[in-house]
Amino acid sequence: MILTVDIGNTNTVVGIFKGEELIESVRLESNRSKTVDEYHLLLTDLLDLKDIDIESFEGGIISSVVPTLTGTMEKAVSKIIGMAPIVVGPGTKTGLNIMYDDPKEVGADRIVNAVGAIKKYGYPLIIIDFGTATTYCVIDKNKNYLGGIIAPGIGISAEALFLKAAKLPRVDLVPPENYLNKNTVDAIKAGIIFGSVGEVEYIVKHLKEEVGVPDAKVISTGGIAPTINELTESIDIYDNNLTLFGLRDIYEKNTKNRK
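Here's what I pulled together on the structure shown here. (Residues numbered from 1 in each chain as written. Predicted model: local features only at pLDDT ≥ 70, side-chain atom pairs only at ≥ 80, totals over all residues. Heavy atoms only, no water.)

## Some points on helix α4 (residues 154–164)
Stage number 1. I154, A158 and F162 are the residues of α4 that are buried. Each buried residue of α4 lies within a common arc of 65° when the element is viewed along its axis, so the set occupies one face. Residues of α4 that are exposed and angled more than 90 degrees away from the buried face: L163 and K164. (Buried < 20%, exposed > 50% of the residue type's maximum accessible area, 1.4 Å probe, protein only. Helix = DSSP H or I, 4+ residues; strand = E, 2+ residues; numbered from the N terminus. Arc of directions from axis to C-beta.)

## Some points on the packing of aromatic side chains
Stage number 1. Counted according to the given criterion, the structure contains two aromatic pairs.
Stage number 2. Here F17 and F245 contribute two aromatic rings whose centre-to-centre distance is 5.1 Å and whose plane-to-plane angle is 85°, an arrangement assigned as edge-to-face. Of this pair, F17 sits in strand β2 (residues 11–18) while F245 sits in helix α7 (residues 242–255), and the two are 228 residues apart along the sequence.
Stage number 3. The class for F245 is partly exposed, based on a relative accessible area of 23%.
Stage number 4. The ring of F245 has K120 lying over it, and the distance from NZ or CZ to the ring centre is 4.1 Å. (Phe/Tyr/Trp six-rings, centres within 6.5 Å; stacked < 30°, edge-to-face > 60°. Lys NZ or Arg CZ within 6 Å of the ring centre and 35° of its normal.)

## What to know about the packing of α4 against helix α5 (residues 184–211)
Stage number 1. Where α4 contacts α5, the two axes come as close as 11 Å, and the packing angle between them is 150°. With respect to α5, the axis of α4 lies roughly antiparallel. Like other packed secondary-structure pairs, α4 and α5 cross with a definite hand, here right-handed. Facing α4, whose interface residues are I154, A158, L161 and F162, α5 presents I188, I192 and S196. (Axes fitted to C-alpha atoms, helices over the stretch in contact; angles between N-to-C directions. Parallel < 35°, antiparallel > 145°, perpendicular 65-115°, else oblique. Left-handed = near helix turned anticlockwise from the far one by under 90°. Contact = heavy atoms within 4.5 Å.)

## Here's the deal with the sheet that holds strand β8 (residues 133–139)
Stage number 1. In space, the six strands of this open sheet follow the order β6-β9-β8-β7-β10-β11, with mixed pairing throughout. Only two strands of the sheet have a single partner each, and these edge strands are β6 (97–98) and β11 (237–238).
Stage number 2. Bridge count between strand β10 (residues 217–222) and β11: two bridges; the pairing is parallel. Within β11, the residue paired with S220 across the bridge is Y238. (Pairing = 2+ DSSP bridges.)

## Re unusual backbone geometry
Stage number 1. The linkage connecting Y123 with the following residue, P124, adopts the cis geometry, with an omega of 10°.
Stage number 2. Among the structural elements, P124 can be located in the loop between α3 (108–121) and β7 (125–130).
Stage number 3. Not every positive phi belongs to a glycine, and D51 is a case in point at roughly 60°.
Stage number 4. Among the secondary structure elements, D51 is positioned in the loop between α1 (36–49) and β4 (59–64).
Stage number 5. Classification of D51 by relative accessible area gives exposed; the value is 71%.
Stage number 6. Non-glycine residue K143 carries a positive phi angle of around 70°.
Stage number 7. Here K143 shows up in the loop between β8 and β9 (144–152).
Stage number 8. K143 sits in the partly exposed class, given a relative accessible area of 30%.

## Digging into the pattern of salt bridges
Stage number 1. Tallying each qualifying case throughout the model produces eight salt bridges.
Stage number 2. Close ionic contact of D37 with K79 constitutes a salt bridge, the shortest N to O distance being 2.9 Å. Highlighted residues: D37 in helix α1 and K79 in helix α2 (residues 67–81), separated in sequence by 42 residues.
Stage number 3. With a relative accessible area of 46%, D37 lands in the partly exposed category.
Stage number 4. Among the ionic pairs, E252 bridges to R248, the shortest N-O distance being 3.7 Å. One end of the pair is E252 and the other is R248, both in helix α7 and four residues apart, which spans about a single turn.
Stage number 5. Take R248: its relative accessible area is 10%, and that puts it in the buried class.
Stage number 6. Residues joined by salt bridges that share partners form a network here, namely K119, D249 and K253. (Salt bridge = Lys/Arg side-chain N within 4 Å of Asp/Glu carboxyl O.)

## Concerning the side chain of S64
Stage number 1. Within the element layout of this structure, S64 appears in strand β4.
Stage number 2. Residue S64 is classed as buried on the basis of its relative accessible area, which comes to 16%.
Stage number 3. Of the polar contacts made by the side chain of S64, one reaches the backbone nitrogen of V66; its length is 3.0 Å.
Stage number 4. Within the structure, the side chain of S64 is placed 2.9 Å from the side chain of T70, a separation counted as a polar contact.
Stage number 5. Once residues lying within four places of it in the same chain are set aside, the contact partners of S64 are I7, T70 and A108. (Polar contact = N/O pair within 3.5 Å; in protein donor to acceptor, adjacent residues only side chain to side chain.)

## Considering the nonpolar core
Stage number 1. Grouped together as the largest cluster of nonpolar side chains are 29 residues, with contacts concentrated most on I61, V88, L96, L125, I127, I139 and Y145.
Stage number 2. If one sorts the elements of this core by residue count, α3 sits on top with eight residues.
Stage number 3. Setting aside residues up to four positions removed in sequence, L96 forms contacts with I111, A114, V115, I118 and Y145.
Stage number 4. Residues F162, V171, I192 and I235 belong to the second largest nonpolar core, which totals 26 residues. (Core = buried A, V, L, I, M, F, W, Y, C linked by side-chain atoms within 4.5 Å.)

Any functional reading would require information beyond the geometric quantities listed.
Below is the structure:
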């Protein structure tokens, strides 16, 4: 089995693969104050709860956009699987031809998403990850990673609104029934949710035109993606576990000659 860990700014997702099958996944808070021992105990307890035999792990892999957590999680995972996990970064084999001005600037999460999407859905592609930031990544018809867009995430945009506008209440991020609303709560919901849908449709349209990939599949992932998907025809596929599958594929690319 393979232990995969994706560390995001808000959440950390842990996946367990048996062969090509994702048999378990768990979402945790990305807590920068936890120690190696605390994460080790937390992961061990979760594996016990899922009846996973830690002796069955043949390796592990981590992607992270939180440098202060990377080393901590790397050591915690090492204690569980009995070896150092792969940490996605410069020098890791991904199979991607990254066309960024400086390829090292591309976040590990965006690379892993691209690898997973190419493996599962082919190319050309546009990948939208609704995380702490909303990221758009473009893969052309020659499998080149061309770059993309980084926008404020829906959650942090909403949080900024609540913090800066003293009279506006916090609301659940669910769409109201109408575009035109006559109460403050639904008006806020409409602005946040429908505004995000408008962003997606505008950006996807112009990315397809600029890159010349009108037939690109649009893949979404991330916590609020299902809500946005239901409101637009610009997104073709929702894949909640895209990053984990990308990690598994990168693990295979970096270990196949050792097997």
